[in-house]
2 protein chains.
Amino acid sequence: MSKSIFYHAGCPVCVSAEQEIVQLMGSEAVYIVNIGEDRSRINEAEGLGVKSVPALVTPNGNVLHINFGASIEEVKG
Amino acid sequence: MSKSIFYHAGCPVCVSAEQEIVQLMGSEAVYIVNIGEDRSRINEAEGLGVKSVPALVTPNGNVLHINFGASIEEVKG
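Residues numbered from 1 in each chain as written. Chains lettered and ligands numbered in written order. Predicted model: local features only at pLDDT ≥ 70, side-chain atom pairs only at ≥ 80, totals over all residues. Heavy atoms only, no water.

For chain A, an unreviewed UniProt entry supplies the name Thioredoxin family protein and the organism Flagellimonas flava.

Put into structure tokens, the structure is as follows:
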């Protein structure tokens, strides 16, 4: 089974959500990507349909936007 | 370990998110509550901090609001 990808940008909401997601799904089931630090992956996230962070892209390709965090435009800006 | 609770209101976004959550976490790890049908539980959801649906309340009591779905006011109205 392929992994989910959790995109975040290091904000407090993101970190809190990351801890919950890892605890709920297990760390082996999810890649964690900080697009605030690894900005080369912002385009990848956008291409997958990520509109705000934190967001979880599932193995099916669906994007679950979590909480009311930062928009991807804010991470870019 | 106590379970998470997934609150939703039967909307297409909710149903899609529900299927993803159950698949990712396992059906034994999460209760599903449709507050559109079981309206007596709207107050319970609000008391736990649910501001929109779909939302996942974790065993730690954190609320992960998922996607940009219906506000709880819309479910009431």
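Back to the write-up after that little detour.
Chemist: Before we go on, may I ask you to explain the overall build of chain A in this structure?
Modeler: A count of helical and extended segments in chain A gives 3 helices and 4 strands. By residue count, 47% of the 77 residues in chain A fall in the buried class. Of the contacts formed within chain A by residues at least 6 apart in sequence, a portion of 62% connects residues at least 24 apart. With the model as given, the accessible surface of chain A reaches about 3700 Å², and the carbon-plus-sulfur share is 50%. (Helix = DSSP H or I, 4+ residues; strand = E, 2+ residues; numbered from the N terminus. Buried < 20%, exposed > 50% of the residue type's maximum accessible area, 1.4 Å probe, protein only. Contact = heavy atoms within 4.5 Å. Areas by Shrake-Rupley, 256 points an atom, 1.4 Å probe, with all protein chains shown as cover.)

Chemist: Please clarify how the interface of chain B and chain A should be interpreted in this entry.
Modeler: Reports often express the size of an interface as the amount of accessible area lost when the parts come together. The interface of chain B with chain A comprises 20 residues on the first partner and 20 residues on the second. Contact between chain B and chain A buries roughly 1600 Å² in total, counting both sides, with carbon and sulfur atoms accounting for 59%. Our count for the chain B to chain A interface comes out at 0 salt bridges. Applying the counting rule to chain B against chain A returns 6 residue pairs in polar contact (both at pLDDT 80 or more). Elements supplying a minimum of two residues to the side of chain B that touches chain A: helix 1 (12–25), strand 3 (52–57) and strand 4 (63–71) of chain B. (Buried area = accessible area lost by both parts, 1.4 Å probe. Salt bridge = Lys/Arg side-chain N within 4 Å of Asp/Glu carboxyl O. Polar contact = N/O pair within 3.5 Å; in protein donor to acceptor, adjacent residues only side chain to side chain.)

Chemist: Sorry, what's going on with the side chain of asparagine 34 of chain A here?
Modeler: All names here are of chain A. Relative to the assigned elements, asparagine 34 resides in strand 2 (residues 30–34). Using a relative accessible area of 16% as the deciding quantity, one classes asparagine 34 as buried. Only 3.1 Å separates the side chain of asparagine 34 from the backbone nitrogen of glutamate 37, close enough to count as a polar contact. Look past the residues within four positions of asparagine 34 in its chain and what remains in contact with it is His8, Ala9 and Gly10.

Chemist: What is the right way to look at the nonpolar core in this model?
Modeler: If you look at soluble globular proteins, the nonpolar side chains tend to sit buried side by side. Counting 20 residues, the largest nonpolar core has Met25 and Leu56 of chain A together with Met25 and Leu56 of chain B as the members making the most contacts within it. Those elements that provide at least two residues to this core are helix 1 (12–25) and strand 4 (63–71) of chain A together with helix 1 and strand 4 of chain B. Excluding residues within four positions of it along the chain, methionine 25 of chain B makes contact with Leu24 and Met25 of chain A together with Ser4, Val30 and Leu56 of chain B. If you look at the next biggest cluster of nonpolar residues, it comprises 13 residues, including Tyr7, Cys11, Ile42 and Ala55 of chain A. (Core = buried A, V, L, I, M, F, W, Y, C linked by side-chain atoms within 4.5 Å.)

Chemist: Got a minute to help me understand the relation of the copies chain B and chain A in this structure?
Modeler: Superposition of the two copies of the chain requires a rotation about an axis together with a shift along that axis. When chain B is fitted to chain A, the best match, at an RMSD of 0.0 Å, comes from turning it 180° and sliding it 0.0 Å along the axis. As the rotation angle and translation indicate, the two copies are arranged about a two-fold axis. The position closest to the rotation axis in chain B is occupied by the C-alpha of isoleucine 66 of chain B, lying 2.2 Å away. A share of 100% of interface residues in chain B that are also interface residues in chain A marks the association as one of identical surfaces. (Least-squares fit on C-alpha atoms with pLDDT ≥ 70 in both.)

Chemist: Mind showing me how you'd approach helix 1 of chain A here?
Modeler: In an α-helix, one full turn covers 3.6 residues, which means residues spaced three or four apart are oriented alike. All names here are of chain A. A rise of 1.5 Å per residue sets the reference length of helix 1, with its 14 residues, at 20 Å; its end C-alpha atoms lie 20 Å apart and thus fit the reference within 8%. Within the span of helix 1, buried status applies to Cys14, Ala17, Glu20, Ile21, Leu24 and Met25. Buried residues along helix 1 cover an arc of 130° about the axis, so they all sit on one side. Pointing more than 90 degrees away from the buried face of helix 1 are the exposed residues Pro12, Gln19 and Gln23. (Expected span 1.5 Å × (residues − 1). Arc of directions from axis to C-beta.)

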